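# Per-entry structural report
One letter stands for each residue in the lines below.
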Amino acid sequence: MLLPSSSTPSPQSLKSLKNTDSLVPSDASILAFALGAPARRVLTRAEALGPKTGWRDGYLTRTHGFCPPDPEASPIALAGCPGRLWSDLCGRMPGLVGRGKIREAILELPLVDVCLGILASVWRYEERNDGYEGVAATTVHRRTRSVEEEEEVEEELKGIPKNIAGPFRTVCRRMGRVLPHLTQYDVSIYNYKIRDHASVYPYVNRSENMDLRWPVFQDRAEAMFLLCMAEVHGTFMNGVEIVTRCQEMVVERDNEGLLGELIKLKEIIDQLGHVFHKISVNPRSGEQFANPVEWGQRYAKFSAPLSNRVPALSGLALPLFQLMDAFLGRTKYDTFLGLEALHLRAWLPLNHRAFIAAIEQYYQVPAYVASTGDRRLIGVLGGIVESYAGERGFMGTHRWSGDNSGRPWEEVHRTLSDSMIERLDPFRGSISLKPHEMRGCFEECRFMSRIIGRDFIDADKDRSTGKVTVDLRNTGVTFGPGDRLAIMPLNSWREVVKVAKVLGVVDRFDEKIPIDKADDWKRFSKHMADVSRNPKAGEFTLKDVLRRGHLAPLTKETVMAVHFMLRASSTGLLEVLASESWPVSGSLGDLLGLAQSGVSSSIWDSVFGQDLSWIPKLVPVEVPRTYSISSFSDQLLPSFVNLTVSRVEHKLCPLLTFDGSNDILRSGISSGFLNPHPSEDEDASDIPASIKRDDGDDTVLIGISRPLNFQLPISPTAPVAMFAGGSGIAPFRSFWQERFSTGAVGRNILFLGVQSRKKFVYESELLDHVRHHGLELHTAFSRDTKGLSYDASTQDLIEKETEPRYLDAIVAEKRNLICDLIMSTKQGGLGGYLYICGSVSVYETIIRAVTKAIYQARAVTQKSADALVATAFAERRFMLDIFMTPRAMSFNEPIIPFSTLSRNTGHREGDKTWIGVHGAVYDVTDFLPIHPGGSLIVAASAGLDASKTFDEIAHTSNPEVMSLLSKYFIGYLAPKPDLKSAELIELYDAWMDYLRSCVESLTTLSFEVKDILKDANVWFSGGMLNMGGVRKLYQFQSRLMQDGFTTLFGPKLQELFVKLSFTLVSAQHNFNSRLPDIMGIVARAQSSPAATAAQKEIAQVGEYVCDSSTAQAFERSIIQYAQAVTELDVRFLEQVREDICTGINGFDVIVAFLVSLLERIAERLDTYYVELSALSLYHPEIEPNPARTRWRIVRRRIRDGSFFVYTQDITIDSSGLSAMAMGGRSRLSVTFDQVISQANAMVQQSLSQQQDQRGHDNISELQQQRPQKRLADTHARRAKDSSGLLGVSSYEKHLDRRAAYRVSTFLEENMKAIRRLSRAVNGTAALDHALGSSRATPSPLRPDTRKGDGSNLAALVRQGIGSEERRMKALERTASVSSSSSESSSSSGRRKVFCQGHRGTR
């Protein structure tokens, strides 16, 4: 029947209706039933026409979603036509690219009707990276032969051979593409092949079951990024049909059917984060390792579009993300990525566009769910939103930053954060926090629930560990094994009443408290109103604030606030403030009770009178606690969730007790709330009866989080080993319940350590699983001799007298089993998955025992045993769930200077790796091998204060991370010295910033050096020299030669020199000495004959990039040269770092010492170039065929004419030679006026370059009629402007610009003092004469008053800070200003000519 299904109204409801027209279906409903859901019609049409048209409009099917139904069909069809020439060439492409011969191979093929578009991008990549993009010695590019182009060709195909351009254009037109271009789905979703079609669990299209069909470079970085993009669509194959059914359920108004489909969709979305999490930067992770350096240097440059007019290769163009945005009702696209998403959607295949439009424009699911008011539907949809766009969902797997510090990775994260907020907007409204700030706060808890059970799970009458049951009915919450429950604890009524009694406000519990002056409570008020869908829930009484606020433990900020409120009149508070360890064990009620006894009643009443508005400012909102879920449910929607909670107890601080007792125990806030002592419910005599009656079943806020690094294996046959200490059994209960209920056949082994048989948790349940489900249980009782032994033959536990022991004893007994589990299947092991859950001490015990077991049973050395464990962590087969271990931090720990921290970057083999976080220093050397993300992530912050990074990636609010980190605590970071002068404080900050830049440069450079030297695949492929390694060395060293370490020897160095000179001259009334010519030293070093000789050697490396036959004759020499120059690079930065650290340690001495250190740093640059020029690329004696190598050297010198230099007469001018020898090392000096003049010139040059760049950008935009910058512009600029890594990076440009801005501001603010000092030193207006040349241009020193706008660099930078466009394009490199001496001027002139000559050859 053509009638919408709906529930039949009851007779009672019909009696009350006077008008029954509402019971008749509307015309829109009948029409929807007649035509069907729009998405279904689009899907049906696509399936009908797709096979007939060769899926020209894009793949779209019910069974395979956006993936090809048969990924082999297109390659098979291509193999049967002339296009096979091109597919065969693509099969050889990685080898040809590696040998530098791909362009020659392309030109040799004939013109046919079919061409693979990937070859056009490969041609462009090779053209832009041919060994002439950096330092070059000739103006002639070596080309294999002339390229035959079409007469009239689009911008996209300019410079591309005719045999590629024509067929590629034809193919694109057949597919409906108005311009020839390559898309992201071309290289990912349509570019894979299945390894094993029988490996279908849980789906075929998994990255570990796929290979790229036509890779470009054959490296894992390229493969993992593209295959994971394909896998997310493989995960979503059923998602297209599910989304279609959701729309059909809305048409039919079938709430139950919609609920089922939404739950299925959430299960799919939950997996997306795990797919992208497979991309690992840990070198030990095998096939999942994606080297970030390799990706940035190769594939990122290859992915540049053929022109700015066509779409960029971006994940935003993938149909899955476009569909989910439409399905969830995204309405805002105002950010950079939002506008880019709309732009890329217009270029999608027509089937995809039609399907997305049908979902977006008709029968929107979010609107319908909101209209039903069904809390189950609302909860499940909210779960989908969190899983897709939430801070712990798929989008949250990216890390982000909210400031404009200029670092490229932070810019990427910031744009992702902005885009994520737009996706959350329909459900969250205005969001005031950045996504990373939502972690660890109440924003994570978006469901209302209550505690419905607290049960015994062992024989302990005190219930130190109990099972807590949380109600999930009507919430729509779903969860899986390994998930965690975040819960907002409530303070016990005992503590609430204690505070109220000491303040005398017990009778005012229901009084509303103003929260206007407390930002966190205002946000919490809005949050409560949104979650409960009741505006009144955001109104808080005194009872609510004390119940949901942070009362314990006592932080130093809380104690200090009370101390100041009482006007420092309490001696007891002073004793608490003198505590050596924080936080102090005690509550706000204890603190106020202590304070009341020590102050007069008049002061107390004046502070804590009738006005209660101060309470929200003193009592912040409590933060949620996270607990592993201890249950599994196979229901569609679970009705409850279990937690296993161990009650934490600590001793009250003796200072807060009236008798000084040391034995008063208190429970932890959260564990005491969830699992209170059984006697506490009975002993409630001091709690007012009205409170108990009104709030007996208090509601709590909860939320679900899914840790990516603590999940069951995908395969049901994989063995699982679980190590639990006490309540650490919590997540494993959900593990074994899921494995047994689903029939998983893999072994399940549990190693459980508890104190005694009395505290043997879940004993009866475990015994049942041992006897009937094959669970292997091994127990250790640390304080009991009544042990249990697992008998494999009877599958039972046998009573056995044993000595008290810990888990490490069991691991030692089962060492052969442990070794088989931890070794991968490729190594002949079981490839098991191992999990540790417990405190930090449990983690230490297990790791130590496992490593020892491997050493005793398998490994030859301790190092190899450590390597096996590290590999298991890297492959994500060894996972951790570490409890938060609250402990007070003592301030009587070593104080570590920042210079000592900076020296421990760990970039050398065997060196220590230290990081600073929020004033503490940690030695993480031993943790690096087992860090799940690999050592690169941690090492990037080595030797630095990483507090900001920790905050941005939400580690600071992650109790698991901070608990684990506490194991590696070694001391506190020395505070900033107490400098009396504001000038010295500014100098210290600048010097510290200089040190940070040096350390960052050193660690970043060491990453690239290790990538160049450590990976054999970089240099050899198939037994032959790989030109990728030669290209990498050339681009790496060219960048260093061209920008001259601009971060250290550019505007930052000049900023320090100017400020130090000013301070030095100001401190001496009769300063007559000259200053060292620091910037002149840098300029002379960069233009010295040694620098020229070194550049020629690097240029020769570039010539080998596309000349593999010649390079192979020098392969050993090239590799030896690479080792030597990179070692010199690292040693040079180490020396500079040491000089800067020396300055930090001696900052309280005379300023002249710091000036001399700057001079030494500048002179090190000259020494570096001299040592670099002494390294030779030619060592015939180490080559396999020395004679052939020598002949190639002679032939090359004959061709370039250098061989015939030896036939010319040479006249040696001894005086000139002597002067050259003396002048190279002579110490020149400059006056104070010249230092200021140099700084002014640098600022002027920076201003001019930024204005020129701004003008260029405006002209470009007007010409293209495209005011909106797009991703294609960024990708193309990355490939064109700097060839990826050559020239100054965007981050270095930003640092230079900021340094120039600071110099400009400094000169402006101190101009009067500078002129006074100049007159005092010279007796004349010498400075005005020195600055005379800059009068024609408005200057920061001489504003153009005729314009009246005060134009200067400071104003320009203030306008431009944070601009994406300027950050990527401004300030190529601020050239160092040479000294006024004739030698400096002449050397600077020589360098300019040399550089111009080289840049003209690129």
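Since the structure is predicted, the reported quantities are computational estimates derived from the model, not experimental observations.

With that out of the way, let us pick up the environment of Ile 1081. Considering the arrangement of structural elements, one finds Ile 1081 in helix H47 (residues 1078-1086). Along the chain, Ile 1081 and Arg 1160 lie 79 residues apart, while their C-alpha atoms are 9.9 Å from each other.

So, about the packing of helix H46 (residues 1051-1067) against H47. Orientation of H46 relative to H47, taken along the N-to-C sense of each, is 155 degrees, at an axis distance of 10 Å. Judged on the interaxial angle alone, H47 and H46 are roughly antiparallel. Every residue of H47 that contacts H46 at Leu 1053, Gln 1054 and Phe 1057 is listed here: Ile 1078, Met 1079 and Val 1082. A breakdown of the residues in the contact of H46 with H47 according to their chemical character gives five nonpolar, one polar and no charged.

Below, the discussion takes up the packing of aromatic side chains. Per the counting criterion, the structure on display carries 33 aromatic pairs. Their ring planes at 80 degrees and their centres at 5.0 Å tell us that Phe 735 and Tyr 835 sit as a pair that is edge-to-face. Of the two residues, Phe 735 is situated in helix H32 (residues 730-742) and Tyr 835 in strand S17 (residues 833-838); the sequence distance between them amounts to 100 residues. Side by side, Phe 735 and Tyr 835 carry an identical accessibility label, which is buried. Considering the side-chain rings of Phe 1062 and Phe 1306, the 5.4 Å spacing of their centres and the 90 degrees angle between planes classify their relative orientation as edge-to-face. Taken as a pair, Phe 1062 in helix H46 and Phe 1306 in helix H56 (residues 1290-1309) lie far apart in primary sequence, 244 residues in all.

Attention now goes to the environment of Gly 910. When you line up the elements, Gly 910 lands in the loop between helix H38 (898-903) and strand S21 (914-917). The spacing of Gly 910 and Thr 925 is 15 residues in sequence and 9.1 Å in space, taken between C-alpha atoms.

Take the nonpolar core next. Core analysis: the biggest nonpolar cluster contains 109 residues, and Ile 118, Leu 119, Phe 236, Leu 258, Leu 262 and Phe 327 have the highest contact counts within it. Among the elements that take part in this core, helix H13 (residues 255-277) stands out by supplying ten residues, more than any other. Excluding anything up to four places from it in sequence, Phe 236 contacts Phe 66, Val 243, Leu 265, Ile 268, Ile 269, Leu 320, Leu 323 and Met 324.

For the rest of this paragraph, the subject is the sheet that holds strand S8 (residues 640-646). Strands belonging to one sheet form pairs held by backbone hydrogen bonds; the direction of such a pair is parallel or antiparallel. Taken together, the six strands give an open sheet; going across it, the order is S7-S5-S11-S3-S4-S8, and neighbouring strands pair in antiparallel fashion. What marks the edges here is a single partner per strand, and that holds for strand S7 (625-628) and S8. Each strand of the sheet is rotated relative to its neighbour by a mean of 40 degrees, with strand direction disregarded. Here strand S4 (residues 465-471) pairs with S8 via seven bridges, running antiparallel. Bridge pairing in S8 places Thr 469 opposite Asn 642.

Analysis parameters
Residues numbered from 1 in each chain as written. Predicted model: local features only at pLDDT ≥ 70, side-chain atom pairs only at ≥ 80, totals over all residues. Heavy atoms only, no water. Helix = DSSP H or I, 4+ residues; strand = E, 2+ residues; numbered from the N terminus. Axes fitted to C-alpha atoms, helices over the stretch in contact; angles between N-to-C directions. Parallel < 35°, antiparallel > 145°, perpendicular 65-115°, else oblique. Contact = heavy atoms within 4.5 Å. Nonpolar A, V, L, I, M, F, W, Y, C, P; charged D, E, K, R; others polar. Phe/Tyr/Trp six-rings, centres within 6.5 Å; stacked < 30°, edge-to-face > 60°. Buried < 20%, exposed > 50% of the residue type's maximum accessible area, 1.4 Å probe, protein only. Core = buried A, V, L, I, M, F, W, Y, C linked by side-chain atoms within 4.5 Å. Pairing = 2+ DSSP bridges.

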